[in-house]
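# Coordinates in review
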Amino acid sequence: MKEKGFTLMELLAVLVILGIILGITLPKVTQTLERANQDTLKENAESLLSVVKKTYLDYAGSELYFDVESPILMIDGVSQGELDYNGSLPKKGWVKVGGNGVPCIAVSDGTYCAYKVDEVEPIIVEEMDPEECIAKVCQN
């Protein structure tokens, strides 16, 4: 009588093949997820900056400051209440538009930092500690 089932060698061969497939695909999946997180942070930063710049048009010549943790809009140091923004806010950071109209943003999701320091350059996303991100950008 012949027994039905798989031999130990057959099971080991299947496990080795699955391990090889996992070893090939896991780095790509991880890389794709990291890129998606970066893109999401960049899009949120662009959207937030756009709303603050539109608000600046109503207060031209004033300095606008928005801290994503509070989230209170300050104009020339005076609280104006919450910013009219419906998007997803990053975990940490702020947006500032100086009296000269030059925007500056530094926001972080805990892993990545999205920042922009002038009107010309695009928003840059780098892996950076949140505290370093906020301290590095827009300090003048």
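Just so it is clear, the structure is predicted and the values come from calculations on it, not from any experiment.

Thresholds, definitions, all that
Residues numbered from 1 in each chain as written. Predicted model: local features only at pLDDT ≥ 70, side-chain atom pairs only at ≥ 80, totals over all residues. Heavy atoms only, no water. Salt bridge = Lys/Arg side-chain N within 4 Å of Asp/Glu carboxyl O. Helix = DSSP H or I, 4+ residues; strand = E, 2+ residues; numbered from the N terminus. Buried < 20%, exposed > 50% of the residue type's maximum accessible area, 1.4 Å probe, protein only. Polar contact = N/O pair within 3.5 Å; in protein donor to acceptor, adjacent residues only side chain to side chain. Contact = heavy atoms within 4.5 Å.

## Considerations on the pattern of salt bridges
As enumerated under the stated definition, the model contains four salt bridges in all. Across the pair Arg-35 and Asp-39 runs a salt bridge, and its minimum N-O distance is 3.3 Å. Within this pair, Arg-35 and its partner Asp-39 are both found in helix α1 (residues 8-58), separated by four residues, close to a single helical turn. Classification of Arg-35 as partly exposed rests on a relative accessible area of 49%. By relative accessible area, which is 29% here, Asp-39 ends up partly exposed. One connected set of salt bridges, linked through shared partners, spans Glu-69, Lys-92 and Glu-131.

## A word on the side chain of Gln-38
Among the structural elements, Gln-38 can be located in helix α1. The exposure class of Gln-38 is buried, given its relative accessible area of 17%. A polar contact is formed between the side chain of Gln-38 and the side chain of Arg-35, at a distance of 2.9 Å. Look past the residues within four positions of Gln-38 in its chain and what remains in contact with it is Tyr-112 and Val-125.

The values are spatial; any link to function lies outside them.
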